[in-house]
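Tertiary structure, described
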Amino acid sequence: MLEENLRKVQENIRKACERAGRKPEEVTLVAVSKTKPLSDIEILRKTGQMEYGENYVQELCDKYEKISEPVHWHMIGHLQTNKVKYIIDKVELIHSVDSVHLARQIEKEAAKKNVEAQILVQVNVAGEDTKFGVDTGMIHNLVKEISTLPHVHIRGLMTSAPFVEDPEENRCYFRKLHKLLVDIREKNIDNVSMDILSMGMTNDYEVAIEEGATMVRVGTGIFGARNYNK
């Protein structure tokens, strides 16, 4: 079932790329494995799926230690400054940086471990009160401030769009974030690449790809519904 779900998502990605005149290789699929057992990841790892997203530091660390072969871990949930030290040398990418305060803590811990942290700046593109992320009007200043940190490298932007029945309703937000990414890239700021646009989840990743996403985060579409009562 897991392998079948994964193949279906991969095929949807391929078709969305085709519609947008893009190559499927331009889009990285992050399988969101939060609350799911390590055994599920082991099954998918054998198919070649290497990117996994976790929301909780403790869960990420546990899976990191126990998995039989290394995979690429992504921290996609809200990250508290006091938890940075636990994941700084374990993750491929931190998707959820939305303040200079957090970025400075990442710099501090990355310097200690002598690593360069790859991060995305999280943008609250729809302006939802319940979502983390910086307001679109503050993004340019935040990127400039973070770019001065030598052990922190900004790779792009991330957003979590509103949960909607019709994914077309989120197209405007994805388009807006893509424009922001291009605007920042054109400024050629040192230590800022802007080559990753992480947007789109199970209900709207195809629309996100059509609007320029280079990374999509799919959980339910691969693993099925989550059980938070375990």
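So, here is what we can say about the structure in this document. (Residues numbered from 1 in each chain as written. Predicted model: local features only at pLDDT ≥ 70, side-chain atom pairs only at ≥ 80, totals over all residues. Heavy atoms only, no water.)

1. Quick word on the overall build of the protein
Spelled out, the test is: Only DSSP runs of H or I reaching four residues or more are called helices, and only runs of E reaching two or more are called strands; each is numbered from the N terminus. Exposure classes here rest on a 1.4 Å probe applied to the protein chains alone. A residue is buried below 20% of its type maximum, exposed above 50%, and partly exposed in between. Accessible surface area values rest on a Shrake-Rupley calculation with a 1.4 Å probe, where residue burial reflects the displayed protein chains alone. Positive charges are assigned to Lys and Arg, negative charges to Asp and Glu, while His and the chain termini are left out of the count. Every charge is mapped to an atom, namely NZ of Lys, CZ of Arg, CG of Asp or CD of Glu.
When you go through the protein residue by residue, the secondary structure sums to nine helices and eight strands. Projected onto its principal axes, the C-alpha positions of the protein cover 45 × 40 × 30 Å. A burial count over the protein gives 53% of its 230 residues as buried. Working note: accessible area of the protein is about 11,100 Å², and carbon and sulfur atoms make up 47% of it. Of the side-chain charges in the protein, 32 are positive and 36 negative, and the distance between the mean point of each set is 2 Å.

2. Description of the pattern of salt bridges
Worth spelling out the cut-off: A side-chain nitrogen of Lys or Arg and a carboxyl oxygen of Asp or Glu constitute a salt bridge if their distance falls within 4 Å.
Under the counting rule described, the total for this entry stands at 19 salt bridges. The salt bridge involving Arg 45 is made with Glu 42; its shortest N-O contact spans 3.1 Å. Here Arg 45 and its partner Glu 42 are both found in helix α2 (residues 38-45), three residues apart, which amounts to about one turn of the helix. For the salt bridge of Arg 175 with Glu 211, the shortest nitrogen-to-oxygen distance reads 2.9 Å. Note that Arg 175 is positioned in helix α7 (residues 171-185) and Glu 211 in the loop between α8 (205-210) and β8 (215-218), a separation of 36 residues in sequence. Residue Arg 175 is classed as partly exposed on the basis of its relative accessible area of 47%. Overall, the relative accessible area of 12% leaves Glu 211 in the buried class. Via salt bridges that share partners, Arg 19, Glu 168, Arg 171, Arg 175, Glu 206, Glu 210 and Glu 211 belong to a single interconnected network.

3. Describing the packing of aromatic side chains
Keep this limit in mind: To pair, rings of Phe, Tyr and Trp, with the six-membered ring standing in for Trp, must have centres within 6.5 Å; the planes then decide the type, stacked if under 30 degrees apart, edge-to-face if over 60, and tilted in the middle. Lysine NZ or arginine CZ positioned within 6 Å of the ring centre and within 35 degrees of the ring normal marks a charge as sitting over the ring.
Using the criterion set out here, one finds one aromatic pair in the structure. Seen in terms of ring centroids, Tyr 52 and Trp 73 are 6.1 Å apart; in terms of plane orientation they differ by 50°. Their pairing is tilted. Here Trp 73 lies in strand β3 (residues 72-75) and Tyr 52 lies in strand β2 (residues 51-54), a separation of 21 residues in the sequence. On the basis of relative accessibility, which here comes to 0%, the residue Tyr 52 falls in the buried class. Relative accessible area serves as the criterion here: at 1%, Trp 73 is assigned to the buried category. Across the ring face of Tyr 64, the terminal group of Lys 90 is positioned such that the distance to the ring centre comes to 5.5 Å.

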